[in-house]
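# Structural overview
These are the residues of each chain, in order.
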Amino acid sequence: MVTCGTAVPSSSVFVGVNPFTDCYCASGATNAFDEEIYQVNVNGAVTPAAYANANGCTTPAPGPGSVLSLYSNFKTLGALTSVYKTTSVPFSISQNECDGPTYYANGIAIYIDYNQNGVFTDTGEKVWTKTGSQTTPATGSFTVPATATLGATRMRVMMKYSTAPTSPCGTYTYGQVEDYTVNIT
């Protein structure tokens, strides 16, 4: 018989943990007013309509931890798109404000965990950045390195009031962070 608080020996149990799903740093805005990401378009694939543009002002992303206008987790929807090693990938990021004018300048950064080690801080994983601007959509391209690990890979899109995000982690007052999965092939 075992009583509460009594230590009882047990056999070892192996628990496999996939770092891709659980160990990325948290990031997001702390104030839900102003500066929302309205739509992300990577390689022609866009944020699902239910969560894009004005719909994103009233419907939070479906993934765990999503908070309307602060952080959107789209990982549970599967890969947004496939990207290919050594290929230039076009993108656009539309910004707007759910509460309407006045519109402010925002910086944007894109991070991709190319080696799938659970962090965005390795060399080359900050794939694009833009200083504070009201221009929307922000457009550009990035090239997937030949050394990228194949398969489902985390991509983080960050928008921050006034200046470009300098770290993929942490919080800031105004802006939004969105996490997606892209498939590297």
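Our subject is the structure that appears above.
Now for a look at the structure at hand. (Residues numbered from 1 in each chain as written. Predicted model: local features only at pLDDT ≥ 70, side-chain atom pairs only at ≥ 80, totals over all residues. Heavy atoms only, no water.)

### Side note on the state of the cysteines
Within the structure shown, the criterion is met by two disulfides. Cys 25 shares a disulfide with Cys 169; S-S distance 2.0 Å. Residues Cys 25 and Cys 169 share a disulfide whose torsion about the S-S bond is about -80°; that sign makes it left-handed. Of the two residues, Cys 25 sits in the loop between helix H1 (19-22) and strand E1 (27-29) while Cys 169 sits in the loop between strand E10 (151-161) and strand E11 (170-172), which places them 144 residues apart along the sequence. What makes Cys 25 partly exposed here is its relative accessible area of 22%. The class of Cys 169 is partly exposed, set by a relative accessible area of 31%. With its sulfur 2.0 Å from that of its partner, Cys 57 forms a disulfide with Cys 98. Linking Cys 57 and Cys 98, the disulfide has an S-S dihedral of approximately -85° and is accordingly described as left-handed. Remark: Cys 98 occurs in the loop between strand E6 (88-96) and strand E7 (106-112) and Cys 57 occurs in the loop between strand E3 (45-46) and strand E4 (71-73); sequence separation between them is 41 residues. A residue is classified by how much of its surface remains accessible, and Cys 57, at 18% relative accessible area, is buried. (Disulfide = S-S within 2.5 Å. Helix = DSSP H or I, 4+ residues; strand = E, 2+ residues; numbered from the N terminus. Buried < 20%, exposed > 50% of the residue type's maximum accessible area, 1.4 Å probe, protein only.)

### Brief notes about the pairing of strand E2 (residues 36-42)
Here E2 lies mainly inside the structure; five of its seven residues are buried. Pairing between E2 and E6: six bridges, direction antiparallel. If you follow Val 42 over to E6, its bridge partner there is Phe 91. The antiparallel hairpin formed by E2 and E3 contains two residues in its connecting segment, where Asn 43 sits at a positive phi of about 60°. (Pairing = 2+ DSSP bridges.)

All quantities given are derived from atomic positions and should not be read as evidence of function.
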